[in-house]
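Each chain is listed here by its residues.
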Amino acid sequence: MSVDESPTSPLPPASSAPGPAELPPIQPFGDPMLLIESSRPTTTFRYAGTVVTASWVAVIVAWVLGTNVGVQIGLQAVAWILTISGWVLAWSLNAARRAEAAELVAIEDLIALKRYDQAGPRLHWLLLRPMRTHEGRLRALLLLATLLSRMMHYDDALVVYNELIDTERVGGPGGAMVKLGRAMALLHADHLYDADRAINELRRLIDRGGAGAELRQMEIEAGLEEELPDGLDSELPTEPSLQPIDTVASGIDAMTLAGLRLVELYRDVKTGHTAEAMELFHTHRDTLRRGLGHRVAEAHALVAVAYDRANRPADAARAFADATALQPMPELLNRYVEVRPLIAKYAPTPAPAL
Amino acid sequence: MMAALPIPIPADRAVARARVAILIGTLVRAVILCGIVAGLAMVTALKLDFAGTVTLLASVTLWLMLTIRTARNQQGLRRVGLLLETRRYDEAEQVLAETLDGFSMFRAPVLQALHHLAGLRRAQQKFDQTRVLSAELLRYDSRPQSSRAVRLLLAESALELDDLHTAHATLTQIAGEGTLRETMKLTELQIDYCVRVGAWPQALENLPWKIELAELLPAESAAQVQAMLALAALKLQRHDWAQWLRRRVELLVDPNPLIERRPILRELFLQ
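Residues numbered from 1 in each chain as written. Chains lettered and ligands numbered in written order. Predicted model: local features only at pLDDT ≥ 70, side-chain atom pairs only at ≥ 80, totals over all residues. Heavy atoms only, no water.

Okay, the overall build of chain B next. In terms of helices and strands, chain B carries 15 helices and zero strands. Computed over the C-alpha atoms, the radius of gyration of chain B is 24 Å, more than 25% above the 18 Å expected from 2.2 N^0.38 for a compact globule of 271 residues. Structurally, chain B occupies a C-alpha span of about 85 × 35 × 30 Å along its principal axes. The proportion of buried residues among the 271 residues of chain B is 48%. For chain B, contacts bridging at least 24 residues in sequence account for 63% of all contacts bridging at least 6. Accessible surface for chain B amounts to roughly 13100 Å². Of this, 58% is attributable to carbon and sulfur atoms. (Helix = DSSP H or I, 4+ residues; strand = E, 2+ residues; numbered from the N terminus. Rg over C-alpha atoms; globule rule 2.2 N^0.38 Å. Buried < 20%, exposed > 50% of the residue type's maximum accessible area, 1.4 Å probe, protein only. Contact = heavy atoms within 4.5 Å. Areas by Shrake-Rupley, 256 points an atom, 1.4 Å probe, with all protein chains shown as cover.)

Right under this line is the structure:
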C-alpha cells in the first residue's frame, strides 16, 4: 500500500522529496583530534600525593630526632600544615573524580535517551580539559564516537574510533563495541574496503571466543592469571569452537554477534548483494533480535530495502511495517539513507494516539 | 583463623562472615584511634614526649599498613563487575570469597562484596539468596538515595518469589533521582507489580515515557515490559495500544517462554 493511501500517514505528500522528518540538531565539535589531545590526563596531581607524604615523613622524623625546642615547634607546625594540605588534596582529587564519573553517567544516559543536543555540549566541555582518569577518558571518547556517528559525522567518528583501537588498544566488551562502531561508521562513510577488513577482524574475535575470551587473554598478558583459581585457565578456548557460534553466544557476546550480523547485513545492502542480505536476515533472525533488542528494527529496515530492490514489494512492505513498529521512522531514516526511498512506497506502523 | 568460605558461597555464610569482618574492622579502628588519642594526650597533657610520639607514630603506621592491606584485598573487587558482565561467574565467585575471607579495616569493601554477590545470585536466578543478601545490605545503609540499587535487587527478588508485600514496601521506599539504568529497572518492577495486583490504570500511567524506557532494555526485558503494558491496555479496553504493543513483543521474542515466566500474559496472546 502506498503511503498516500493511508489517511493517518504523518508523511509529506509524494510530490515533495523524501527526507528525514526530524534530523537531530548539528553540534559541530570541530577537530576531534583536538579533543583527543586536550582530554589526556595530566601528571600534575599524580605525584602530588607522594611529594606531600614524603615531606610529611621527613618533617616528622626531623621533629622526633631534633633537639632544638624552637626548631621542633616550627617542624610541628609544618607537619600539621602538610597533614591538613594532604587531606585537602586527597579529598579534592576524589571529589573531582567522582564528579567526572557522575558527569559521564549523565552524558551516557542522555545519549541513550537520544537527547543529542544536550549531550553534545556537555561532552565537548568535559573533553576540552585534561580528564582525571585514563578509564574515564576512554569512556568519554567512546561516547564521543557514538555521538558523532548518531549525528552522521562519520569521518570524525572514525578518527575517534581509530584512536581507541590503534592507539589505546581498547579490548574486552568495550573493545568489541568500539570495533562494531568503527565497522558501521566505515560503511556509512563508504570506506567499503576498510569496512570489510573490520568485519573480518570482528569475525576472528567471535571465533576466538568473543569479548569475554579477549578480556581473559588481556588479563593473562597483564599477569592477572596468577590470581585465578586452578583449572579456570582451561576455559579459554584456544581454537575456534566447533559449535555454531550463534548458539553459544550469550550476554555481551550475543550483543557483539548480533552487532556483527547487522554490520554484515548493511554491507550486503550497501554493495547491492540483495540475495545475500535476505538470506543473512532469515538465517540469523533470532540472533539479531536476541542481541539487538529494539535495534532489530534496523535489520528489518535494511532487509526491506533488499526486498524492494529484489522487486518483492509485499515482503518489503511487511519488513518496513515491522521496522517502523519497533522504532520511530525518522530515526531509521536518519541512520540509513538507503531506507529513505521506501517512505514513498510503503506504509509505516504508527503508534496509536494517546 | 576462620575457615575459608566454600564455593558456591551460601548466602547465610556470606552474611555471617561479613558481620564478623565488619566487627573486627570496627574494633581494630577503635583500638588504633585510642592509640592516636593516647599518644596525643601523652605529648600534650602528660609531657611524655618520646613515649607519646612513639605511640602516635606506631598507631598511624599501623593504620596506614592496614589500610594498604585492605586496599590490596579490595583490588580483585574492581574486576567483579566486568566478570559478571562477561558471565564468568565462577571467577567472580572466587574473587568475592577471597574478599570476604580477607581482612578489611573498613566496611565498604565487605558491603561491596556482598552487593556483588547479590547481583551474581540474581544473574543465576537464585532469588531467595538475593533477597537474604540485599536485606542484609539494607541493615547497614537504609538511606533512600544511596540504597536504590540494593532496594531494586530486593524488590526484584521479592517479586520473583511472589512476596508482593515486601515488593510493595521496597518499591515505595525508593526515592530521588537515580541513573537511567536504575530508572529503567524501577519502571520495569513497578509495571510488573501493578500488573500482578491488577492496578491496570497505574500500569499505563505515563505510557510514552515507559515505552521509551522499555525500548532501551535488552530484548527479553523489553518484551516482558511491553507485554505487561499490552495486557493492561487490553484490560482497559485500549485495543489499539494492546495490539500495537503485542506486535512489538512478537517481533522481539518468542512469546512462549515469556508466558512460561509470567503465566498472567497467556490472556494477551490468546486474543
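The tally for this structure, following the rule as stated, stands at three aromatic pairs over all chains. Taking the centre distance of 4.9 Å and the plane angle of 75 degrees together, the rings of A:Y266 and A:Y336 count as edge-to-face. With A:Y266 in helix α11 (residues 252-270) and A:Y336 in the segment after α16 (329-335), this residue pair connects regions lying 70 residues apart in the sequence. On the basis of relative accessible area, A:Y266 is assigned to the buried category, the value being 0%. With a centroid separation of 6.0 Å and 70 degrees between ring planes, the pair formed by B:W63 and B:F106 is classed as edge-to-face. Linking B:W63 in helix α2 (residues 49-75) with B:F106 in the loop between α4 (89-101) and α5 (107-123), this pair joins segments that are 43 residues apart in sequence. B:F106 sits in the partly exposed class, given a relative accessible area of 28%. (Phe/Tyr/Trp six-rings, centres within 6.5 Å; stacked < 30°, edge-to-face > 60°.)

Attention shifts here to the pattern of salt bridges. Summed over all chains, the structure comprises 40 salt bridges over all chains. Here A:E264 ties to A:R203 by a salt bridge, and the two come within 2.7 Å at their closest N and O atoms. One end of the pair, A:E264, is in helix α11; the other, A:R203, is in helix α8 (residues 192-207), and 61 residues separate them in sequence. For A:R203, a relative accessible area of 34% gives the class partly exposed. The salt bridge involving A:D286 is made with A:R289; its shortest N-O contact spans 3.4 Å. Taken together, the residues A:D286 and A:R289, both in helix α13 (residues 285-292) and three residues apart, mark about one turn of the helix. Given the relative accessible area of 15%, A:R289 is considered buried. If you follow the salt bridges from partner to partner, you end up with B:E160, B:D162, B:D192, B:R196 and B:R262 in one network. (Salt bridge = Lys/Arg side-chain N within 4 Å of Asp/Glu carboxyl O.)

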